[in-house]
Amino acid sequence: MVDFWNFLLTNKAEIWDQLLQHIGLTAVSLLIAVLIGIPLGLLATRYKKVSGPVLGTVGIIQTIPSIALLGFMLPLLGIGALPAVVALFLYALLPIVRNTYSGIQEVESSVIESARGMGMTSGQILRKVELPLAGPVIFAGIRTATVINVGVATLCALIGAGGLGEYIFRGIALNNSVMILAGALPAALLALTFDFVLGLLERNVSKLLKPLSYGLAVMVLFVSVYAISTMFVEQKFKAGVPPEFLERADGYQGLKQHYGLDIPVVEMNASLMYEALKNKRVDVIVGYSTDGRIKAFNLKVLKDDKQYFPPYQAAPIVKEDFAEAHPKMITAINKLAGKISTEQMTALNSAVDNDQQSELSVAKKFLNEQGFRTSVTRKGTPDLLIGGKLQTEQFILAHMYRILIENYTDLDVELRLGLAGTQIVFTALQNDEIQLYPEYTGTGLHVLFESDEATVDSLGNSASAVFDYVKVRSQKQFDIQWLEPIGFENTYALIMRKEQAKRLDIETISDLADYLSSK
């Protein structure tokens, strides 16, 4: 708990910004949902033929998993606040439309007939009879939609929309429970606060219908101005970075100090950054040097001229006792040692990311070309589990190892891929939840061992020295063995659109820092 409070105090400014972004996303989407949802519900009560399609459509939207709905928004609206608001608006529709429909339908017909008998027009009956009587039910729908939106808005951090989800996903990537709590607790408190305040208003909604209507109009104006002035105004030059990079020892803070680089960052899912850069949503990203989309999207990797990033040789790591018990497995895995160059790994990634080939078929084809056996596929109870991070090449490598082990030993293999972050997959290895996964030496140096500056300097940015260091430390500290390197390096890299880099005369990270400081 002490760590949590210290974290809150240290990062209070960032948490406050995230809280405001979260409230903004929730409020804007909810107001749009109210302005559209209530008329839709009223329309359904007036025209029976449209009630079925309207209620059915909003019901179907609600069944779409929220993360999938955000994914559907990307090709249409890109990343940022706009697709997040649209997704949240769609999620808020069902409770508002359905409660409006039910509330109006439940008004006694005798009451409406009496009003009509008094000479009221249809509009007067709606304003003075139906809406006041249905108000509590409609308001309950708005209250439900609000709580739903506060929760779903945490996912919007995945598409660069900000909000309290940023700390949650950063904490998951780093297996940092304090960081997860710093995002989850304010989000929960925000939902409870909204629910409490709206609950108070709900009990008096009939009396407060007119003031609430005026208040809603003022809020629409205020929140719209705020949203336009903050969320939807594009900054001139900004970087897209994955959550893990913001907190790693070899991450953004160190890069900022090393190069004097001062650039606004947008936190987003690593797999979305390349699309965001291609579509000019950001100007530079922190990506991976072997990603196949660099060539496909005509992107440029900036030279790390001050050698900030260490060597990131890829190599499989395995628990020491499991390796000793299965020497044939080690022999099978080491068949891949030195067999994949950086250019080949980039091409394999491109085959999956750009040519839409499956990871399994790409892995099998490569092994066939190298002359390895690939025909055996086992379906029995797994003898070992191979893990992997949420990167294309980790999927491909895991399939290669499975094929090699099943074809050169009598072991059955199962894959557990897409684990979100270094600490998560490494902890799974330590806990025997997996027995093998591909890791990178630079990640071992900075993330697994948190090496100090003197140690990093002593290794002189030498690939072999870094490999030997992490190999020895892993054996002593964790009983984990680094096997022979695969042959390629996948380093962090700052990447820009080629035409933009050429236009701004930016070749290196130092050039980028100079350009930003001159603006």
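No experiment lies behind these values; they were computed from the predicted model shown.

A. View of the overall build of the protein. Helix and strand counts for the protein come out as 25 helices and 10 strands. Taking the principal axes of its C-alpha atoms as reference, the protein extends roughly 90 × 60 × 50 Å. For the protein, the residues scored as buried account for 52% of the 519 residues in total. A fraction of 80% describes how many contacts in the protein between residues 6 or more apart in sequence connect residues 24 or more apart. Here the protein displays about 23600 Å² of accessible surface, and carbon together with sulfur accounts for 58% of that area.

B. Looking closely at the UniProt feature "domain: ABC transmembrane type-1" (unreviewed entry) in the protein. The UniProt feature table records "domain: ABC transmembrane type-1" (unreviewed entry) at residues 19-198. Helix makes up 85% of residues 19-198 and strand makes up 0%, while its end C-alpha atoms are separated by 19 Å.

C. Spotlight on the nonpolar core. L336, I340, M400, L494 and L512 are the most contacted members of the largest nonpolar core, which has 119 residues in total. The contacts of I340, once residues within four sequence positions are left out, are M345, L348, F366, L397, M400, I486, G487 and F488. Core analysis: the next-biggest nonpolar cluster, separate from the first, contains 20 residues, F426, Y437, Y469 and I480 among them.

D. A look at the packing of helix α4 (residues 66-77) against helix α5 (residues 81-105). Relative orientation of the contacting elements α4 and α5 amounts to 135°, with a least axis distance of 9 Å. Judged by the angle between their axes, α4 and α5 are oblique. In the crossing of α4 with α5, the sense of the turn from one axis to the other is right-handed. Of the residues in α5, those touching α4 at S66, L69, L70, M73 and L77 are L82, P83, A84, V86, A87, L90 and Y91. A per-class count over the contact of α4 with α5 returns 11 nonpolar, one polar and no charged.

E. Spatial organisation of the pattern of salt bridges. Following the criterion strictly, the structure yields 16 salt bridges and no others. The partner of R170 in a salt bridge is E14, with the nearest N and O atoms 3.0 Å apart. Residue R170 is located in helix α8 (residues 165-174), and its partner E14 is located in helix α2 (residues 12-46); the two are separated by 156 residues in the primary sequence. With a relative accessible area of 2%, R170 lands in the buried category.

F. Quick peek at the sheet that holds strand β4 (residues 299-301). Taken together, the five strands give an open sheet; going across it, the order is β2-β1-β3-β10-β4, and neighbouring strands pair in mixed fashion. Edge positions in the open sheet fall to β2 (265-267) and β4, since each of these has one partner strand only. Here the strands of the sheet are splayed against their neighbours by 35° on average, with no regard to which way each runs. In terms of strand pairing, strand β3 (residues 284-288) meets strand β10 (residues 492-497) through five bridges, oriented antiparallel. The residue of β10 that forms the bridge with G287 is A493.

G. The arrangement of the UniProt feature "transmembrane region" (unreviewed entry) in the protein in detail. Following the UniProt record, one finds the feature "transmembrane region" (unreviewed entry) at residues 20-42, 54-73, 79-97, 137-160, 180-201 and 213-233. The span residues 137-160 carries 67% helix and 0% strand; its end-to-end C-alpha distance comes to 35 Å.

H. The pairing of strand β7 (residues 413-419), seen in detail. Where strand β6 (residues 384-389) lies against β7, five bridges are found, and the strand directions are parallel. Bridge pairing in β7 places G387 opposite R416. As for the winding sense of the linkage, the β-α-β connection from β6 through helix α19 (residues 392-408) to β7 is right-handed.

I. Here's a closer look at a nonpolar patch on the surface. Taken together, the side chains of L181, L185, L189 and L192 make up a nonpolar region of the molecular surface, amounting to roughly 350 Å² of accessible area. Within the element layout of this structure, L189 appears in helix α9 (residues 177-203).

J. Representation of the packing of aromatic side chains. Summed over the entire model, instances satisfying the criterion amount to 13 aromatic pairs. Each ring, one from F237 and one from Y515, has its centre 5.5 Å from the other, and the planes form 55°; the classification is tilted. Placement of F237 in the loop between α10 (209-229) and β1 (239-241) and of Y515 in helix α25 (residues 509-518) is noted, with a sequence separation of 278 residues between them. Taking the relative accessible area as the measure of exposure, Y515 reaches 23% and is therefore partly exposed. Put simply, the rings of F245, Y288, Y308, F309, Y312 and Y492 pair up and form one aromatic cluster. Positioned above the aromatic ring of F297, the side-chain terminus of K278 is 4.6 Å from the ring centre. Above the ring of Y408, the side-chain terminus of K335 is found at 4.5 Å from the ring centroid.

K. Structural context of the domain arrangement of the protein. Annotation of the protein at the domain level lists domain 1 (1-231), domain 2 (239-308 + 493-518) and domain 3 (313-490). The gap between the C-alpha centroids of domain 1 and domain 2 is 36 Å. Between domain 1 and domain 2, the residue contacts involve 14 residues of the former and 12 residues of the latter. Summing both partners gives a buried area of about 1100 Å² for domain 1 against domain 2, and 64% of it is carried by carbon and sulfur. For the domain 1 face of the interface with domain 2, the top three residues by lost area are I79, L158 and R170, together amounting to 46%. Inspection of the region where domain 1 meets domain 2 yields one salt bridge. Ionic pairing is found between R170 and E267, a salt bridge with its closest N-O pair at 2.6 Å. At the junction of domain 1 and domain 2, the tally comes to two residue pairs in polar contact (both at pLDDT 80 or more). Within the residue set of the side of domain 1 that touches domain 2, elements represented by two or more residues are α4 and α8. A total of five residues in the side of domain 1 that touches domain 2 trace back to one element, the largest contributor, which is α8. Tallied by class, residues from the side of domain 1 that touches domain 2 come to 10 nonpolar, two polar and two charged.

L. Quick look at helix α23 (residues 463-478). Taking 1.5 Å of rise per residue, 16 residues should cover 22 Å, and α23 covers 21 Å from first to last C-alpha, within 8% of that figure. Listing the buried residues of α23 in full gives V466, F467, Y469, V470, S474 and F478. In an axial view of α23, the angular spread of the buried residues amounts to 165°, which keeps them on one side of the axis. Its buried side turned inward, α23 meets β5 (314-319), α20 (422-430), α21 (441-448), α22 (453-458) and β9 (480-482).

The rules we used
- Residues numbered from 1 in each chain as written.
- Predicted model: local features only at pLDDT ≥ 70, side-chain atom pairs only at ≥ 80, totals over all residues.
- Heavy atoms only, no water.
- Helix = DSSP H or I, 4+ residues; strand = E, 2+ residues; numbered from the N terminus.
- Buried < 20%, exposed > 50% of the residue type's maximum accessible area, 1.4 Å probe, protein only.
- Contact = heavy atoms within 4.5 Å.
- Areas by Shrake-Rupley, 256 points an atom, 1.4 Å probe, with all protein chains shown as cover.
- UniProt positions renumbered as here; feature names shortened; annotations may be inferred.
- Core = buried A, V, L, I, M, F, W, Y, C linked by side-chain atoms within 4.5 Å.
- Axes fitted to C-alpha atoms, helices over the stretch in contact; angles between N-to-C directions.
- Parallel < 35°, antiparallel > 145°, perpendicular 65-115°, else oblique.
- Left-handed = near helix turned anticlockwise from the far one by under 90°.
- Nonpolar A, V, L, I, M, F, W, Y, C, P; charged D, E, K, R; others polar.
- Salt bridge = Lys/Arg side-chain N within 4 Å of Asp/Glu carboxyl O.
- Pairing = 2+ DSSP bridges.
- Right-handed = clockwise from strand over helix to strand, strands pointing away.
- Patch = residues over 30% accessible without salt bridge, like charges linked within 9 Å, V, L, I, M, F, W, Y side chains within 5 Å.
- Phe/Tyr/Trp six-rings, centres within 6.5 Å; stacked < 30°, edge-to-face > 60°.
- Lys NZ or Arg CZ within 6 Å of the ring centre and 35° of its normal.
- Domains from an automatic or database assignment.
- Buried area = accessible area lost by both parts, 1.4 Å probe.
- Polar contact = N/O pair within 3.5 Å; in protein donor to acceptor, adjacent residues only side chain to side chain.
- Expected span 1.5 Å × (residues − 1).
- Arc of directions from axis to C-beta.

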